[in-house]
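So you can see what is in the structure, the chains are spelled out below.
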Amino acid sequence: MKKVLIPVPTIHFDPSEVTIPWKIFSSNNVSVSFATPDGGSASCDEIMLTGKGLGLLSGILACSEEVRQNYEDMIKSTEYLNPRSWKDCKVDDFDCILLPGGHDKGCREYLESTVLQELICQFFEQDKLVGAVCHGVLLVGRSKRSDGKSVLFGRKTTSLLAQQELAAYRLTCLWMGDYYLTYPITVEDELRPMLENPSDFIPGKSPGITRDKMDDYTAKRLNNHIVRDGNYVSARWPGDCHLLGFTMLEILQPKAQYVSCT
């Protein structure tokens, strides 16, 4: 059985970016382990889970009903209730690591963790599968090789787009302040200088406002977008997570018959 590690911060991880891959992996005979800073409990961003405070924008910005239902199952699962600590995670114990995102300020401990950055470097060094979405791509980008360059130097990637991040901020800042700005600089703007060539950042054909679903991931619709470069797969935002999860599953189990999880 293949084994996947999903590290998360103590608070404010995005529920879609964790729950969707968890559901895909656990429904398809892949073992999932969670990890938190100290091996204690973790909780998602409640605004993203419930949509509370987002008003009419909740249908676009908050997670889907499918995710809310699966999230309740996930947080009762044995693997979620028994996480490892980040420092106790060893690359040899896993076939794959998935780095989800989240934008509220509680994610900074995760995005700035040198422990996770070192672990990510080891996954790249051993050419094991690495998946990342949204702010999780920033954590990957901040992981430095022995030559001081990002592990993404020389690779192609995508991430949360600056236009997505700034649109969410501008639409909500009057009543939510800087909730949607994790840092003063956007993910895309910090990430691009880490790459070898400007063309290595691939934004996709549209800014992405339509979320994919369990039953249509194979269609690879215009509004959904991932980038694969060898054993590294990246996605922009929660709306790309079914495509991300199933792409990773196909790499882990290339000849398997998959359960759609609907």
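Since we're looking at a predicted model, the values are computed, not measured. (Residues numbered from 1 in each chain as written. Predicted model: local features only at pLDDT ≥ 70, side-chain atom pairs only at ≥ 80, totals over all residues. Heavy atoms only, no water.)

1. As for the overall build of the chain
Secondary structure assignment for the chain yields 11 helices and nine strands. For the chain, whose C-alpha radius of gyration is 17 Å, the value lies close to the compact-globule estimate of 18 Å for 262 residues. Going through the 262 residues of the chain one by one, you find that 56% of them count as buried. For the chain, the computed accessible surface area is about 11200 Å², with 52% contributed by carbon and sulfur atoms. The distance from the centre of the 28 positive side-chain charges to the centre of the 34 negative ones in the chain is 3 Å. (Helix = DSSP H or I, 4+ residues; strand = E, 2+ residues; numbered from the N terminus. Rg over C-alpha atoms; globule rule 2.2 N^0.38 Å. Buried < 20%, exposed > 50% of the residue type's maximum accessible area, 1.4 Å probe, protein only. Areas by Shrake-Rupley, 256 points an atom, 1.4 Å probe, with all protein chains shown as cover. Lys, Arg positive; Asp, Glu negative; His and termini not counted. Charge placed at Lys NZ, Arg CZ, Asp CG, Glu CD.)

2. A word on helix H11 (residues 241-252)
Its 12 residues place the ends of H11 16 Å apart at the C-alpha level, agreeing with the 16 Å of an ideal helix rising 1.5 Å per residue. Counting buried positions over the 12 residues of H11 gives 11, a clear majority of the element. By the burial criterion, the buried members of H11 are Cys241, His242, Leu243, Leu244, Gly245, Phe246, Thr247, Met248, Leu249, Ile251 and Leu252. (Expected span 1.5 Å × (residues − 1).)

3. Observations concerning the pairing of strand S8 (residues 226-229)
The side chains of a regular strand alternate between the sheet's two faces. Bridge count between S8 and strand S9 (residues 232-235): four bridges; the pairing is antiparallel. Residue pairing in the sheet places Asp229 in a bridge with Tyr232 of S9. Following S8, the chain reverses through two residues before pairing antiparallel with S9; Gly230 in that reversal takes a positive phi of roughly 65°. (Pairing = 2+ DSSP bridges.)

4. Quick look at the pattern of salt bridges
Applying the stated criterion to the full structure yields nine salt bridges. Residue Asp88 is joined to Lys87 by a salt bridge in which the shortest nitrogen-to-oxygen separation is 3.5 Å. On the basis of relative accessibility, which here comes to 59%, the residue Lys87 falls in the exposed class. Between Arg236 and Asp240 there is a salt bridge; the shortest N-O distance is 3.2 Å. Residue classification places Asp240 among the buried positions, given a relative accessible area of 0%. (Salt bridge = Lys/Arg side-chain N within 4 Å of Asp/Glu carboxyl O.)

5. Describing the side chain of Thr172
Position of Thr172 among the secondary structure elements: in helix H9 (residues 162-176). With relative accessibility at 0%, the residue Thr172 sits in the buried group.

6. Side note on the nonpolar core
Ranked by size, the top nonpolar core spans 71 residues in total, and within it Phe25, Leu99, Val140 and Leu152 carry the most contacts. Here the element with the most residues in this core is H11; it accounts for eight residues. Counting nine residues, the second largest nonpolar core, distinct from the first, contains Met48, Leu61, Ala62 and Met176. (Core = buried A, V, L, I, M, F, W, Y, C linked by side-chain atoms within 4.5 Å.)

7. Some words on the packing of helix H1 (residues 15-26) against H11
One way to put it is that H1 packs onto H11 with a least axis distance of 9 Å and a crossing angle of 40°. Taken as axis vectors, H1 and H11 run oblique relative to one another. Crossing handedness for the pair H1 and H11: right-handed. In this structure, H1 uses Ser16, Glu17, Ile20, Ile24 and Phe25 to contact H11, whose residues at the interface are Cys241, His242, Gly245, Phe246, Met248, Leu249 and Leu252. Residues that form the contact of H1 with H11 fall into these classes: eight nonpolar, three polar and one charged. (Axes fitted to C-alpha atoms, helices over the stretch in contact; angles between N-to-C directions. Parallel < 35°, antiparallel > 145°, perpendicular 65-115°, else oblique. Left-handed = near helix turned anticlockwise from the far one by under 90°. Contact = heavy atoms within 4.5 Å. Nonpolar A, V, L, I, M, F, W, Y, C, P; charged D, E, K, R; others polar.)

8. Quick look at the packing of aromatic side chains
Tallied over the entire structure, the rule returns four aromatic pairs. Ring geometry for Phe34 and Tyr80: centres 5.3 Å apart, planes at 80°, overall edge-to-face. Pair noted here: Phe34 is in strand S3 (residues 30-36) and Tyr80 is in helix H5 (residues 78-81), with a separation of 46 residues, a long-range link. Tyr80 shares its class with Phe34; the two are buried. (Phe/Tyr/Trp six-rings, centres within 6.5 Å; stacked < 30°, edge-to-face > 60°.)

9. Quick look at the sheet that holds S8
Strand order across the open sheet formed by seven strands is S5-S3-S1-S6-S7-S9-S8, with mixed pairing between neighbours. With partners counted over all chains shown, the strands left at the sheet margins are strand S5 (84-85) and S8, one partner each. Here two bridges tie S3 to S5, and the two strands are oriented parallel to one another. Following the sheet pairing, Thr36 is matched in S5 by Ser85. Against the sheet, H1 engages strand S1 (2-7), S3, strand S6 (96-99) and strand S7 (129-133), with an angle of about 150° to S3.

10. Quick look at the environment of Ile6
You can see Ile6 is positioned in strand S1. Taking the relative accessible area as the measure of exposure, Ile6 reaches 0% and is therefore buried. Residues Ile6 and Tyr80, spaced 74 residues apart in sequence, show a C-alpha to C-alpha distance of 9.9 Å. Ignoring sequence-local partners within four residues, the contact set of Ile6 consists of Val18, Val32, Ser33, Phe34, Ala35, Leu98 and Pro100.

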